[in-house]
Amino acid sequence: MSPSTAYSRLGVERLPGRVDSHWFQPIPPVQVPTSTNSTPPLPPRAVSIRISLAKLEVRSYQFPESPHWTLPTEIAGKSHQERASVQNNNPSGGGGPVVPKSRTRLKPPADVVKLQDRLYYMLQPPLELLLSDASIDVPFEPFPYQFEGISFLYPRVAAILADEMGLGKTMQAIMAMRILLRAGEIRRVLLVCPKPLVTNWRRELSLWAPEIPLAIIEGEQNKRQWHWLETTAPIKIANYELLMRDRELFSNQVEFDLVVLDEAQRIKNRNSTTSEIVRSIARRRSWALSGTPVENSPDDLVGIFEFLAPNYLHSAMSPRQMGQAARDFILRRTKDNVLKDLPPKMFRDAELELTPAQWATYQAAEDEGVLRLSEMGEGITIQHVFELVLRLKQICNFDPVTGASSKLERLEADLEEVAASGQKAIVFTQWVTTIRELARHLERFRPLEYHGQVPSKKRDQIIEEFRSDPRRHVLLMSYGAGSVGLNLQFSRYVFLFDRWWNPAIEDQAVNRAHRIGAAGPVTVTRMLTTATIEERINQILEEKRELFSTLLSHTDTPRSAGMTRQEIFGLFRLQLPKPRGGAAA
Amino acid sequence: MANARSEPAPALGFLSVVEHAEHGLFGGYLILNANGRPLEFHCTAPVKANRAQEILYGPTLKPFLYGEQIGQTLVRKGQVEPLLICTDHEALLSVREFCSIPVVMVAGQSPFHPSLPILQFRLGSQSVAVLSTFGNDQELVQRRWQAHELKLELLEPFSRIREAIEEAQRGMRTSNGAPLSSIPAASGTVGSPPTSATVS
């Protein structure tokens, strides 16, 4: 700056016109003469600054529980906007706030794009605070991962909860339904499960949502029709088998806000009647619960998605593409991930040699069977091979001639220990005939039987007796009847007397005992006779398990693998017959 | 307020301002029912004082921007009248001068270090304060708190406001295709309406 000049800081002037975006602006400084200058000083220029208070723009959002909530016409019919005023759950107690240890906030799913809808979810209180409300009873505090599961389901129109068996999918689904019902976001729920699990759901609902009225659709046709149409019970439970019969009773007459499919792998085949019927139910939200949404191939997932979001996935997608597309819809946790405190699950592979009598019968049957299959030439079918496999597996259990069984010998020895220590064991097998044979030999352990030929009405009674009677040490179960949905965490021992075709089913069976509430380590004994068909099947399944793990690990999709036709033929080094009619394979 | 009533609905207001280094100040006002569920949410476009404003307003700039400009505007947008308004900023206590609802500041992890004269007291297990110039609010707030047997945790909703403001800003960026530019204080320009369900 020159010594002869100075700059006035007063040099501002009023801006012309509106003052919209700025209150004022500085103008270039005015040169003021110094005292050494002989010319008279310039008079100061007075300027006025108007500080206007223009209106600040505000975006406002009303939510359904507000008395001023009005349904925007253009989004009428959308999920959460169509709800009545919520129940007033004024806390009744006094005192300070309950301060939970952790906070689980709702996150809007990726497919919720409207800001209003996203904010609705983001501004909800943490689940822990919601559940600390005195009017929402919970029998015990859920685990943090269960809170996450509830917050995952809550905002979703389409979702798969694919937690490993035993992590409490049922409870998480019930709590999410309960909160949605209490918030008035849903009013009519249909829960579909396998028939043997209906009572389990009823029990869990009475535990986790005791105040929600429930209707179980069963009985004569008139009664069922009434249940389908009546509107007083917010939750209805139907079984898959019944949907077939009642299709005419509910289709085009009933609409649900939410349909939940338990053991949703039941609809993995999109061409099945079950899948077709389930997809025809009018609904706003669709949830699927399954510990094994992929049982045999990625196509299984496509089948389930036909219920959740039709045409969203398709078979031509690579597993990686499919996994990425499905990511926001699927929540999958394993016990290893989330239950650091769950007692360990220990596997023991009991590799046994057949007794001499069994071995003689086995060899004769295999030689004769393979010879016969070979002689069939092009007429051979998968059924023929299956028959031989089943025949050999049965011999591995019991020699049909002498009744000898190396597995039984081992089982009896182990059960002696189980009974002596006051513990209980579950024995799984594929066949009812094996269950009966075992029951005869294990009489001293007072075994109970649970399989497809036991009437549904008696099944709960059997489970209860096994649970409560200290003299009952053994429950003999078939994989089909006992592998899903039952809570048998009071058993510390599981025996797989023979092996199922699919490791996912075996996992489900094992997890009846190894689940939340397990009192101690669960020991799983997998019985396998060496140098037999059982060993060959096991080898293939283990290899496939690893392959699926590699393919789908990035999506955390549960891995599972059944056997293909080629693999089944390969058990006996047989070639697949050429397809008939000359069509390309 | 649209519906001033003799007996306010059992709702609580939570008023906060989030400072963004680039865009300026975002105001958020969340009204919850007694169960902590959201009834209304209002947020402002970003407000940024320029250099001249900083000079002219001096130490009064912050209370002016927080309380008079942002706070007052937001509270007036509320349709449900809450029993009280909670804030986590001392500068927002001045909102009380523009509304009839008691305004309390909620103490965070650390105790109050007020620059204004305040009256401290407890609501349930939580430490709060009102401006001394509105000393009668203490009795009013405590009476309402007890009458409605409130149990709400008073600090937790501010984290919701912060996340919602961030989401709203992100939503605007997405819908406009460009970052939301900061708007000078008292400006009236914003981008396109955020959703079809927006209620003004």
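Keep in mind that what you see is a predicted model, and the values were worked out from it rather than measured.

1. Some remarks on the overall build of chain A
Item 1. Of regular secondary structure, chain A possesses 21 helices and 16 strands.
Item 2. Scored against the burial criterion, the 585 residues of chain A give a buried share of 41%.
Item 3. For chain A, long-range pairs separated by at least 24 residues make up 73% of all intrachain contacts whose partners lie at least 6 apart in sequence.

2. Quick notes on the overall build of chain B
Item 1. A tally of regular secondary structure across chain B gives four helices and nine strands.
Item 2. For chain B, the proportion of contacts with a sequence separation of at least 24, taken over those separated by at least 6, is 57%.

3. Re the sheet that holds strand S7 (residues 235-239) of chain A
Residues and elements named next belong to chain A.
Item 1. In spatial order, the strands read S6-S7-S5-S8-S9-S4-S10; together these seven strands make up an open sheet with parallel pairing. Looking at the sheet topology across the chains shown, the edges are occupied by strand S6 (214-216) and strand S10 (330-331).
Item 2. Inspection of the sheet shows strand S4 (residues 158-161) paired to strand S9 (residues 282-289) by four bridges, in the parallel sense. By the bridge assignment, isoleucine 160 is partnered in S9 with alanine 288.

4. Overview of the packing of helix H3 (residues 144-153) of chain A against helix H4 (residues 169-182) of chain A
Residues and elements named next belong to chain A.
Item 1. Close contact between H3 and H4 brings their axes to 9 Å; oriented N to C, the two are set at 50°. With respect to their mutual orientation, H3 and H4 come out oblique. Here the hand of the crossing between H3 and H4 comes out right-handed. Residue-level inspection shows Gln146, Gly149, Ile150 and Leu153 of H3 in contact with H4, the latter providing Met171, Gln172, Ala173, Met175 and Ala176.
Item 2. Residue composition of the contact of H3 with H4, by class: six nonpolar, three polar and no charged.

5. What about the environment of alanine 481 of chain A?
Residues and elements named next belong to chain A.
Item 1. Its location among the elements puts alanine 481 in helix H18 (residues 479-482).
Item 2. Of the residues examined, alanine 481 has 20 C-beta atoms within 10 Å and is grouped as buried.
Item 3. For the pair alanine 481 and lysine 195, spaced 286 residues apart in sequence, the C-alpha to C-alpha distance is 10.0 Å.
Item 4. Aside from chain neighbours lying at most four places away, what touches alanine 481 is Pro196, Tyr450, His451 and Gly452.

6. Describing the confidence of the model for chain B
Residue and element names in this part refer to chain B.
Item 1. Mean pLDDT over chain B stands at 81; residues scoring 70 or higher make up 79%.
Item 2. A low-confidence stretch, residues 1-6 (pLDDT under 50), is modelled with eight contacts involving residues beyond four sequence positions or located in other chains.
Item 3. For the stretch residues 177-200, pLDDT sits under 50, and the model shows 72 contacts to residues farther than four places along the chain or on other chains.

7. Digging into the packing of helix H13 (residues 356-376) of chain A against helix H14 (residues 382-397) of chain A
Residue and element names in this part refer to chain A.
Item 1. For the pair H13 and H14, interaxial distance at closest approach is 10 Å and the crossing angle is 175°. As the angle between them shows, H13 and H14 are arranged roughly antiparallel. Taken together, the residues of H14 that come into contact with H13 (itself represented by Gln358, Thr361, Tyr362, Ala365, Glu366, Gly369, Leu373 and Met376) are His384, Val385, Leu388, Arg391, Leu392 and Ile395.
Item 2. For the contact of H13 with H14, the per-class residue count stands at eight nonpolar, four polar and two charged.

8. Let's talk about the sheet that holds strand S11 (residues 345-352) of chain A
All names here are of chain A.
Item 1. Here six strands make up an open sheet; going across it, the order is S11-S16-S15-S12-S14-S13 and the pairing parallel. Edge strands, defined here as strands with exactly one partner in the open sheet, are S11 and strand S13 (448-450). On average, each strand axis in the sheet is inclined to that of its neighbour by 20°, with strand direction left out of account.
Item 2. As paired elements, strand S15 (residues 493-496) and strand S16 (residues 522-529) share four bridges and run parallel to each other. Note on S16: the bridge partner recorded for tyrosine 493 is threonine 523.

9. Details of the nonpolar core
Item 1. Counting residues in each nonpolar core, the largest one holds 128 residues, and the members touching the most others are Val192 and Leu261 of chain A together with Val104 of chain B.
Item 2. For this core, the element with the highest residue contribution is H4 of chain A, accounting for nine residues.
Item 3. Residues contacting leucine 261 of chain A, with those up to four places away along its chain left out, are Val192, Ile267, Val278, Ala288, Leu289 and Phe307 of chain A.
Item 4. Residues Leu438, Tyr450, Leu486 and Val510 of chain A belong to the second largest nonpolar core, which totals 39 residues.

10. Here we look at the pairing of strand S1 (residues 11-20) of chain B
Residue and element names in this part refer to chain B.
Item 1. In terms of residue burial, S1 counts as a mostly covered element, since eight of its ten residues are buried.
Item 2. In this structure, S1 lies alongside strand S2 (residues 24-33), joined through ten bridges in antiparallel fashion. Opposite phenylalanine 14, over in S2, you have leucine 30 as the bridge partner.
Item 3. Counted between consecutive antiparallel strands, the loop separating S1 from S2 contains three residues.
Item 4. Of the strand pairs in this sheet, S1 and strand S5 (residues 84-87) are connected by four bridges, and their pairing is parallel. Each residue of the ladder has a partner; that of glycine 13, found in S5, is isoleucine 85.

Definitions and limits used
Residues numbered from 1 in each chain as written. Chains lettered and ligands numbered in written order. Predicted model: local features only at pLDDT ≥ 70, side-chain atom pairs only at ≥ 80, totals over all residues. Helix = DSSP H or I, 4+ residues; strand = E, 2+ residues; numbered from the N terminus. Buried ≥ 20, exposed ≤ 12 C-beta atoms within 10 Å, placed from the backbone. Contact = placed C-beta atoms within 7 Å. Pairing = 2+ DSSP bridges. Axes fitted to C-alpha atoms, helices over the stretch in contact; angles between N-to-C directions. Parallel < 35°, antiparallel > 145°, perpendicular 65-115°, else oblique. Left-handed = near helix turned anticlockwise from the far one by under 90°. Nonpolar A, V, L, I, M, F, W, Y, C, P; charged D, E, K, R; others polar. pLDDT = per-residue confidence, 0-100. Core = buried A, V, L, I, M, F, W, Y, C linked by C-beta atoms within 7 Å.

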